[in-house]
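Here is what each chain is made of, one letter per residue.
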Amino acid sequence: MSTFQRTKKQTNPVRKNLHPRNRHNQGYDFPALVKSHPALAPHVKPNAYGNLSINFADPLAVKTLNAALLHHYYSILGWDIPEGALCPPIPGRADYIHYVADLPGLENPDIRLLDIGTGANGIYPLLACQIYGWQCVGTDINTQSLENVAEIIAKNPGLKDRLTLRTQQDKNRMFEGIIQTGEFFDVSVCNPPFHASLDEALKGSQLKLNNLARSRGEQKANTQSPTLNFGGLGAELWCKGGEQLFLKKLIKESRGYSTQCRWFTSLISKSDNVKPAKKWIRKLGALDIREIEMRQGNKVTRVLAWTFI
Ligand SMILES: C[S@@+](CC[C@H](N)C(=O)[O-])C[C@H]1O[C@@H](n2cnc3c(N)ncnc32)[C@H](O)[C@@H]1O
């Protein structure tokens, strides 16, 4: 019997309440993932409950799990990110795309998506291309990040005509210099940098590591200076003014592109930022504002969507 032959215990039942179309609703099927992506095998071991799992505090294990998930469920080959880059939890990122796909007006298959701040991982356009076959544009201020996404595209020839990348030259702008005259997008997505300083970003990551350690029955993560398990090159995770100021700029600028994008959307990590964001959007005269709650077990995140059309 192969080590990874299926038994009841081998599916990790961690993912609950994801969007009904989310392919990760049944948890991680480690035997199937290892079969598609053998590089994952050395990282998969039974956890304290006897279920197959990986060490989520080990950046290499988490990155390899992501590569396996993207390979197995989305046919993306050779996904990789530079050391220290933000390593996105795939089920949650896929949820955002599924909820966005439910917005009115996005029913047809010829959707164009704009991702503000695609990072080195390019996760939103990669998923949107592979799940719904959408045409996507990914932007970032970080050219190194975009070079990495370009490498992923090069390894997946099917993506070449569907995913293009544009550099934002001005870190205070989101749409200017990106949306061209006469161009139209059906939806824009964004996962803003959420911390207000590098120090805050490091503290946040240490907290995450401590929580993971506690869930393994340890008191504290065994590390002084956190190598960030969910990654995050400094600038990916923080910007001056944090999530709130980033959102304010995004919302304000969206008014000027009101006829060139049907739905503007953004992830909001800090619940306190929802109320002011809605107030700014209302002030600009949006015709429809929606707050979409996404649940993963006990964790709740929100997507705010607004339209002027
Ligand atoms: C939290 S990361 C999100 C990365 C990826 N989308 C994800 O969800 O994992 C935020 C990204 O926004 C980028 N960014 C910051 N300011 C930006 C701007 N004005 N325009 C485009 N991207 C920006 C950062 O470089 C970073 O890659």
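Given the structure is predicted, the values throughout are model-derived calculations rather than measurements. (Residues numbered from 1 in each chain as written. Predicted model: local features only at pLDDT ≥ 70, side-chain atom pairs only at ≥ 80, totals over all residues. Heavy atoms only, no water.)

*Asks:* Describe in detail the confidence of the model for the protein chain, supporting the description with residues and values.
*Replies:* Overall, the prediction assigns the protein chain a mean pLDDT of 88, with 85% of residues at 70 or greater. Low pLDDT, under 50, characterises residues 224–231; the predicted model gives this stretch 28 contacts beyond four residues in sequence or across chains. (pLDDT = per-residue confidence, 0-100. Contact = heavy atoms within 4.5 Å.)

*Asks:* Report on the site of the ligand, specifying residues and quantitative values.
*Replies:* Around the ligand, a shell composed of 23 residues is seen, among which Arg93, Gly117, Asp140, Arg173 and Asn191 lie nearest. For the ligand, a nitrogen atom lies 2.9 Å from a polar atom in the backbone of Lys171. A distance of 2.9 Å separates an oxygen atom of the ligand from a polar atom in the side chain of Asn191. Taken together, the residues of the shell around the ligand break down into eleven nonpolar, seven polar and five charged. (Near = heavy atom within 4 Å. Polar contact = N/O pair within 3.5 Å; in protein donor to acceptor, adjacent residues only side chain to side chain. Nonpolar A, V, L, I, M, F, W, Y, C, P; charged D, E, K, R; others polar.)

*Asks:* Got a sec to walk through helix α5 (residues 143–155)? Specific residues and values, please.
*Replies:* An ideal rise of 1.5 Å per residue puts 18 Å on 13 residues; α5 measures up with 19 Å between its terminal C-alpha atoms. For α5, the set of buried residues is Ser145, Leu146, Asn148, Val149, Ile152 and Ile153. Down the axis of α5, the buried side of the element spans an arc of 155°, and every buried residue falls inside it. For α5, the exposed residues lying more than 90 degrees away from the buried face are Gln144 and Glu147. One side-chain oxygen of the residue at the start of α5 lies 2.9 Å from the amide nitrogen of Gln144, identifying that residue as Asn142. (Helix = DSSP H or I, 4+ residues; strand = E, 2+ residues; numbered from the N terminus. Expected span 1.5 Å × (residues − 1). Buried < 20%, exposed > 50% of the residue type's maximum accessible area, 1.4 Å probe, protein only. Arc of directions from axis to C-beta.)

*Asks:* Which residues make up a positive patch on the surface, and what values go with them?
*Replies:* Together, Lys248, Lys252, Lys275, Lys279 and Lys283 give the surface a local cluster of positive charge. Residue assignment for the positive patch shows that the elements contributing at least two residues are α8 (242–255) and α9 (274–283). With three residues, α9 is the single largest residue contributor to the positive patch. Mapped onto the elements, Lys248 comes out in helix α8. (Patch = residues over 30% accessible without salt bridge, like charges linked within 9 Å, V, L, I, M, F, W, Y side chains within 5 Å. Areas by Shrake-Rupley, 256 points an atom, 1.4 Å probe, with all protein chains shown as cover. Salt bridge = Lys/Arg side-chain N within 4 Å of Asp/Glu carboxyl O. Lys, Arg positive; Asp, Glu negative; His and termini not counted. Charge placed at Lys NZ, Arg CZ, Asp CG, Glu CD.)

*Asks:* Account for the sheet that holds strand β6 (residues 135–140), with residues named and values stated.
*Replies:* Read across the open sheet, the seven strands follow the order β7-β6-β5-β8-β9-β11-β10; overall the sheet is mixed. The strands lining the two open edges of the sheet, one partner per strand, are β7 (163–167) and β10 (288–296). The average undirected angle you get between the axes of adjacent strands in this sheet is 20°. Bridging between β6 and β7 involves five bridges; their strand directions are parallel. Counted as the bridge partner of Gly138 is Leu165 from β7. Relative to the sheet, helix α3 (residues 90–101) contacts β5 (112–116), β8 (185–190), β9 (261–268), β10 and β11 (299–307), its axis offset from that of β10 by approximately 145°. Docked against the sheet, helix α4 (residues 123–132) engages β5, β6, β7, β8 and β9, running at close to 165° with respect to β5. (Pairing = 2+ DSSP bridges. Axes fitted to C-alpha atoms, helices over the stretch in contact; angles between N-to-C directions.)

*Asks:* Run through the environment of Trp263, naming residues and quoting values.
*Replies:* By the element assignment, Trp263 lies in strand β9. Not counting the four nearest positions on each side in its chain, Trp263 is found in contact with Leu103, Pro104, Leu106, Asp186, Val187, Ser188, Asp288, Arg290, Ala305, Trp306 and Thr307.

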